[in-house]
Amino acid sequence: MTRHLATSRRGALLGLVGLGGCSVLPDRPFVPTRRHALSPERPAGLPRPPATGQVLLLRTMRPAAGQEVRGLRRIAANGTLDIAFYEEWLAPPAELAEAALRQWLIAGGGFSAVAAPGTRLATPLVMEAELTALEALPAQGQARAGVAALLLRETGALGDVQVLAQRSFTATAPLAASTPEEAGLAQAAAMTAALGRVFEEMEAWIISN
């Protein structure tokens, strides 16, 4: 009896060892995550705005609900949302958009400085912004970007703030034809272009106020 149990246990162990060399999962090729920059460049031919001589404080840009994910957002024809697993922004998109907007406004030269939170400069002109849209719409052949902005003026008295203007901006850009393998690159490029168009409108709006 003891010899029979030992033989059975030895057979079971050998069977487990044999299974260790086989995978129960199907062979799948490794798909590396591709990461994209979100940094629309100011077009060379874009007219420079008139210099205001003001210092603008650009506060931390907030993400609207659903805009905090790093995976590229894609909206299907039926309105369903798909988040790409292997196509991501280099950082949370609101952080990238804030940095890009600051550089855009600095390059425009409309302000003597574009400051970040924590600055020691006096900044009577303040802008708060929220990233409301950044997505590809393949069925429509375009990408969309949106930012909501609130422009404030601090009068100097503690807590005394004047609302100058408030507006939501939305722009689209065409989505270039691509192979399935390069779709992520085309979608990221179109979203970046759409955000650049939003920045153009925002800059003109801030200067006019």
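Residues numbered from 1 in each chain as written. Predicted model: local features only at pLDDT ≥ 70, side-chain atom pairs only at ≥ 80, totals over all residues. Heavy atoms only, no water.

Undergrad: Looking at this structure, how should I read the pairing of strand β4 (residues 71-75)?
TA: Across a regular strand the side chains alternate sides, sitting on one face of the sheet and then on the other. Among the 5 residues that make up β4, 4 are buried, leaving the element largely enclosed by the rest of the structure. Note that β4 and strand β5 (residues 81-89) share 4 bridges and pair antiparallel. For arginine 73, the partnering residue across the bridge sits in β5 and is isoleucine 83. (Buried < 20%, exposed > 50% of the residue type's maximum accessible area, 1.4 Å probe, protein only. Helix = DSSP H or I, 4+ residues; strand = E, 2+ residues; numbered from the N terminus. Pairing = 2+ DSSP bridges.)

Undergrad: Got a minute to help me understand the packing of aromatic side chains in this structure?
TA: Aromatic ring pairs: the centre-centre distance and the angle between the two ring planes describe each pair. A full pass over the atoms with the stated rule returns 2 aromatic pairs. For the ring pair tryptophan 104 and phenylalanine 199, a centre distance of 5.7 Å and an interplane angle of 70° mean the geometry is edge-to-face. Of the two residues, tryptophan 104 sits in helix α2 (residues 93-108) while phenylalanine 199 sits in helix α3 (residues 183-208), which places them 95 residues apart along the sequence. Take tryptophan 104: its relative accessible area is 3%, and that puts it in the buried class. Using a relative accessible area of 0% as the deciding quantity, one classes phenylalanine 199 as buried. Judged by centre distance (5.4 Å) and plane angle (70°), the ring pair of phenylalanine 169 and tryptophan 205 falls under edge-to-face. Of this pair, phenylalanine 169 sits in strand β9 (residues 161-174) while tryptophan 205 is found in helix α3, placing the two residues 36 residues apart along the sequence. For the pair shown, phenylalanine 169 and tryptophan 205 are each scored as buried. (Phe/Tyr/Trp six-rings, centres within 6.5 Å; stacked < 30°, edge-to-face > 60°.)

Undergrad: Looking at this structure, I do not really get the environment of alanine 177. What am I missing?
TA: Locating alanine 177 in the fold gives a position in the loop between β9 and α3. Along the backbone, alanine 177 and glycine 141 are 36 residues apart, and their C-alpha atoms lie at a distance of 8.3 Å.

Undergrad: I'm lost on the confidence of the model for the protein chain in this one. Help?
TA: Low pLDDT means the predicted atomic positions in that stretch should not be read closely. Per-residue confidence for the protein chain gives a mean pLDDT of 86, with 83% of residues at or over 70. Predicted confidence is poor over residues 1-23, with pLDDT under 50, and the contacts of this stretch with residues over four places away or in other chains come to 0 contacts. (pLDDT = per-residue confidence, 0-100. Contact = heavy atoms within 4.5 Å.)

Undergrad: Any chance you could explain the packing of α2 against α3 here in plain terms?
TA: Packed helices, taken two at a time, are described by their axes: the angle between them and the distance between them. For the pair α2 and α3, interaxial distance at closest approach is 11 Å and the crossing angle is 55°. Comparing their axes, α3 and α2 come out oblique. Of the two elements, α2 crosses α3, and the hand of that crossing is right-handed. In this structure, α2 uses Ala97, Ala100, Leu101, Trp104, Leu105 and Gly108 to contact α3, whose residues at the interface are Leu195, Gly196, Phe199, Glu200, Met202, Glu203 and Ile206. Residues that form the contact of α2 with α3 fall into these classes: 9 nonpolar, 2 polar and 2 charged. (Axes fitted to C-alpha atoms, helices over the stretch in contact; angles between N-to-C directions. Parallel < 35°, antiparallel > 145°, perpendicular 65-115°, else oblique. Left-handed = near helix turned anticlockwise from the far one by under 90°. Nonpolar A, V, L, I, M, F, W, Y, C, P; charged D, E, K, R; others polar.)

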